Amino acid sequence: MELLKFMNDQDQQKQNGNILLKIESVSKAFGGVQALWEVSFDLQAGLIKGLIGPNGAGKTTLFNLVTGIFRPDNGQIIFDNQNIQGRQVHDLVNLGIARTFQNVEIFGSMSVAENVMVGQHVRTRSGFWGAITRVPWMVREENNIWNNAMEILSFVGIEDLAHRKSSELPFGWQRLLEIARALASNPKVLLLDEPAAGLNATETRQLGKLLKKIQKKGITLLLVEHDMSLTMEICDRIVVLDQGKKLAEGTPREIQNNASVMAAYLGMGT
Amino acid sequence: MTRDQISYVIFFAAIVATGLILKNYFYFQLITIIGINTLLALALNMLLGYAGQISLGHAAFYGIGAYTSGILTATYGFNPWMALPCALMLAIVIAVVVGFPTLKLTGYYLGMGTLGFGMIVHIVFREWSSVTGGASGFMGIPPLEIGHVSFFEPRNYFFLVWFVVLLSFILCKRLINSRTGRALKAIHDSENAAKAVGINTRNLKLKIFVFSAALSALAGFLYAHMISFISPESFSFLVSVKIVTMVVIGGMASIWGSLLGASLLTMLPEWLHAFSDFEMVVYGLILMVVMIITPQGLTRGIIEIYERSRSAKAKR
């Protein structure tokens, strides 16, 4: 039995190939409102995928399902060949799913560097007793945490701010800090909830460059976004949701030329 | 030497100097009580100041430490040093049992939950007369001894308590400046974001609650063997509130703030005896004024005033 299961897994891996995240006919209702209805799509490793749709389309709900905040009523979410249904939020970070928040949730009382240090929580080990006794390996780990933090900050381009209190930063930098903190957990996939919200045009352009840079490091990205110019520019593939259902999926060009997408967005009759 | 290490050395020197210079036994006792209160404030500060979880029932753990050790030594003839681990273990077990369901709550609800727990424990102390001596209190708790050194002598007890305080400061400071400490602060700032960086918030909140309870029980142990007589009123709801006040007045998330808050709240009633009937009125007024002038607690307030005066000088 064990062997059979193992061979099955092997088969599946071959089949999936480079699919990192698989959403399989997922539904979710809140009270009488059907937020999502049988939505399916795959997230191929190494790509940037955009998730767009008008307000109330179910983008945030889907986001919260993948990050473990809600459980789907029906359907499955497979990450890295594991069913992640019912897993705790912090557990998913351990598996390699990192996220940022729409309204930027940084740790305001801490310095910029400390924020990124906390971000490394899942890939460091020292606990209560290690902290109190300060054994050599723990001191070494602490040094590594600091060095990693500085490295990630310079990757994102805010290493000069390392010692500033994070709540005093302008909004745009806080957003970069949040991305840096998410990267610190060494994720396989990074989920961004409207990363361009509240940014001006220059900042949005810089953000786009950063996201491309993150992709080059081999991290898969899924972003929910309102800003069309950003989505069209950086996404490899786009999924369109409308009223809880998947409306279309394709390359940015295909999406732009899709009649039903235009209808949903601009209210034009089909 | 780091800044922390320098402050420990200064603290150590201050303890030794006070112990050698002071002659009056009354002051020794008062300062020893400040030390015990500092431990309590420190214990709660780890939970409230750093992890952001309120407890309005911390006097219960203080009392569990005191009563367990008192009963085991006076009634059952345990050696106090054997009773200490028992008292700590009991506090830890109760903290796990109480903390597991209550720490799911947040904000006001957590306050209510811990408040209820504190009241239940207080009632047990008062009503379980056959074991705890009931409302009239529990007597005959033996003093501590190590070899030939008797801690019945107030000077020795002063040294014992304050070295425990110093040690606890070092341990807590180390804990705060670590992976675990950062995770605690993260929970305080945003529990959602803490989860999103992979912190098992439930587990960690329980751990710090247990740590805090054990430290409070240690303070209870030191209190019981100093006074040799304990009564339920020393562990009532008002005492829990007093510990919270020490933390808030001294400064949340500040180790030295615990010392400052505990000192002020222990000394104030002594200084205010002169006001006799108006003692509590003046006491309340002083606390109000402190909170209005330095809403972030004395430690932050003093640092801010210092920095302002320095920058003012620099401008001139």
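Residues numbered from 1 in each chain as written. Chains lettered and ligands numbered in written order. Predicted model: local features only at pLDDT ≥ 70, side-chain atom pairs only at ≥ 80, totals over all residues.

*Asks:* Describe the overall build of chain A, and please don't skip the residues or the numbers.
*Replies:* The number of helices and strands found in chain A is 11 helices and 10 strands. Taking 18 Å as the expected radius of gyration for a compact globule of 270 residues, we find that chain A reaches 20 Å, a close match to that expectation. Its C-alpha atoms give chain A principal-axis dimensions of roughly 65 × 55 × 35 Å. When burial is assessed residue by residue, chain A has 40% of its 270 residues classed as buried. (Helix = DSSP H or I, 4+ residues; strand = E, 2+ residues; numbered from the N terminus. Rg over C-alpha atoms; globule rule 2.2 N^0.38 Å. Buried ≥ 20, exposed ≤ 12 C-beta atoms within 10 Å, placed from the backbone.)

*Asks:* Outline the overall build of chain B, supporting the account with residue identities and numerical values.
*Replies:* Within chain B, the secondary structure is distributed over 14 helices and 2 strands. For 316 residues, the compact-globule estimate of 2.2 N^0.38 gives 20 Å, and chain B sits close to it at 20 Å. Its C-alpha atoms give chain B principal-axis dimensions of roughly 65 × 50 × 45 Å. Burial status across chain B gives 46% buried among its 316 residues. Restricting to contacts in chain B with at least 6 residues of sequence separation, those with at least 24 account for 74%. (Contact = placed C-beta atoms within 7 Å.)

*Asks:* How would you sum up helix 3 (residues 58–74) of chain B? Please name residues and give values.
*Replies:* With 17 residues, helix 3 of chain B ought to run about 24 Å at 1.5 Å a step, and its terminal C-alpha atoms sit 24 Å apart, in line with that. Among the 17 residues that make up helix 3 of chain B, 16 are buried, leaving the element largely enclosed by the rest of the structure. (Expected span 1.5 Å × (residues − 1).)

*Asks:* Summarise the interface of chain B and chain A; cite the residues concerned and give the values.
*Replies:* Counting residues at the interface gives 22 residues for chain B, matched by 26 residues for chain A. Within the residue set of the side of chain B that touches chain A, elements represented by two or more residues are helix 7 (154–176), helix 8 (179–189) and helix 9 (191–196) of chain B. Of the residues forming the side of chain B that touches chain A, the biggest block, 8 residues, is contributed by helix 8 of chain B.

*Asks:* Break down the pairing of strand 9 (residues 237–242) of chain A for me, with residues and values.
*Replies:* Residues and elements named next belong to chain A. Pairing geometry for strand 3 (residues 48–52) and strand 9, over 4 bridges, is parallel. Its bridge partner lying in strand 9, I52 is registered against V240. Bridge count for strand 9 against strand 10 (residues 245–250) is 5 bridges, and the pairing is antiparallel. Within strand 10, the position partnered with I238 by the bridge is G250. Here strand 9 hands over to strand 10 after 2 residues, with Q243 in that stretch at a positive phi of 45°. (Pairing = 2+ DSSP bridges.)

*Asks:* Let's hear about the packing of helix 2 (residues 25–50) of chain B against helix 12 (residues 255–271) of chain B: which residues, and what values?
*Replies:* Residues and elements named next belong to chain B. The N-to-C vectors of helix 2 and helix 12 enclose an angle of 135°; their axes lie 8 Å apart at closest approach. Compared by their axis directions, helix 2 and helix 12 come out oblique. For the pair helix 2 and helix 12, the crossing hand works out as right-handed. Residues L30, I33, I34, N37, T38, A41, L42 and N45 of helix 2 form the contact with helix 12, whose own contacting residues are I255, G257, S258, L259, G261, A262, S263, T266 and E270. Of the residues in the contact of helix 2 with helix 12, the class split is 8 nonpolar, 8 polar and 1 charged. (Axes fitted to C-alpha atoms, helices over the stretch in contact; angles between N-to-C directions. Parallel < 35°, antiparallel > 145°, perpendicular 65-115°, else oblique. Left-handed = near helix turned anticlockwise from the far one by under 90°. Nonpolar A, V, L, I, M, F, W, Y, C, P; charged D, E, K, R; others polar.)

*Asks:* Talk me through helix 2 of chain B; I want residue IDs and the actual numbers.
*Replies:* All names here are of chain B. Taking 1.5 Å of rise per residue, the 26 residues of helix 2 would be expected to cover 38 Å, and the 36 Å separating its terminal C-alpha atoms lies within 8% of that figure. With 20 of 26 residues buried, helix 2 lies mostly within the body of the structure. Two residues or fewer after helix 2 comes G52, characterised by a positive phi angle close to 75°.

*Asks:* Let's hear about the sheet that holds strand 5 (residues 82–83) of chain A: which residues, and what values?
*Replies:* Adjacent strands of a sheet form backbone hydrogen bonds with each other and so pair up, either parallel or antiparallel. Residues and elements named next belong to chain A. On the basis of which strands lie adjacent, the open sheet formed by 4 strands has the order 2-1-4-5 and antiparallel pairing. Sheet topology places strand 2 (33–44) and strand 5 at the edges, where each strand pairs with a single neighbour. Of the strand pairs in this sheet, strand 4 (residues 74–79) and strand 5 are connected by 2 bridges, and their pairing is antiparallel. Bridge pairing in strand 5 places I78 opposite N83. Contacts from helix 2 (residues 59–66) reach strand 1 (19–30), strand 2 and strand 4 within the one sheet, and its direction differs from that of strand 2 by about 60°.

*Asks:* I'd like a description of the pairing of strand 8 (residues 220–224) of chain A, backed by residues and values.
*Replies:* Residue and element names in this part refer to chain A. With 5 of 5 residues buried, strand 8 lies mostly within the body of the structure. Residues T220, L222 and V224 point to one face of strand 8 and L221 and L223 to the other, with burial holding for every one of them. Of the pairings in the sheet, the one linking strand 3 to strand 8 comprises 4 bridges and is parallel in character. Across the sheet, the residue bridging to K49 is L222, located in strand 8. Of the pairings in the sheet, the one linking strand 7 (residues 189–193) to strand 8 comprises 5 bridges and is parallel in character. Across the sheet, the residue bridging to V189 is T220, located in strand 8. Regarding topology, helix 8 (residues 201–216) serves as the crossover connection from strand 7 to the parallel strand 8, and that connection is right-handed. (Right-handed = clockwise from strand over helix to strand, strands pointing away.)

*Asks:* Go over unusual backbone geometry with me, naming the residues and quoting the values.
*Replies:* One non-glycine residue, D80 of chain A, lies in positive phi territory at about 55°. Secondary-structure assignment places D80 of chain A in the loop between strand 4 and strand 5. Unlike most non-glycine residues, S228 of chain B shows phi in positive territory, near 65°. Tracing the backbone through its elements, the reader meets S228 of chain B in the loop between helix 10 (201–227) and helix 11 (237–250).

*Asks:* Outline the environment of A59 of chain B, listing residues and values.
*Replies:* All names here are of chain B. One can find A59 in helix 3. A59 sits in the buried class, given 26 other C-beta atoms within 10 Å. In this structure the C-alpha to C-alpha distance between A59 and N45, which are 14 residues apart in sequence, comes to 14 Å. Setting aside anything within four residues of it in sequence, one finds A59 in contact with G118, F235, S236, V239, S240 and I243.

*Asks:* Lay out the sheet that holds strand 3 of chain A with the relevant residues and their values.
*Replies:* All names here are of chain A. The strand order across the open sheet built from 6 strands is 6-7-8-3-9-10, with neighbouring strands paired in mixed fashion. The sheet is open, and its two borders are formed by strand 6 (97–100) and strand 10, each paired with just one other strand. On average, adjacent strands in this sheet sit at an angle of 20° to one another, irrespective of strand direction. Of the strands in this sheet, strand 3, strand 6, strand 7, strand 8 and strand 9 touch helix 2, which is tilted by about 145° from strand 7.

*Asks:* Explain the confidence of the model for chain B residue by residue, including any values.
*Replies:* Residues and elements named next belong to chain B. Of the residues in chain B, 100% have a pLDDT of 70 or more, and the chain-wide mean is 91. The least confident element of chain B, judged by mean pLDDT, is strand 2 (residues 149–150) at 82; the most confident is helix 3 at 96. The complex prediction reports pTM at 0.90, with the ipTM value standing at 0.86. (pLDDT = per-residue confidence, 0-100.)

*Asks:* I'd love a proper account of the nonpolar core, names of residues and values included.
*Replies:* Formed by 160 residues in total, the largest nonpolar core has its most connected members in A180 of chain A together with A219 of chain B. Per element, the largest residue contribution to this core is 15 residues, and it comes from helix 10 of chain B. Once you skip the residues sitting within four places of it in the chain, A180 of chain A turns out to touch V116, I152, L153, V156 and I158 of chain A. (Core = buried A, V, L, I, M, F, W, Y, C linked by C-beta atoms within 7 Å.)

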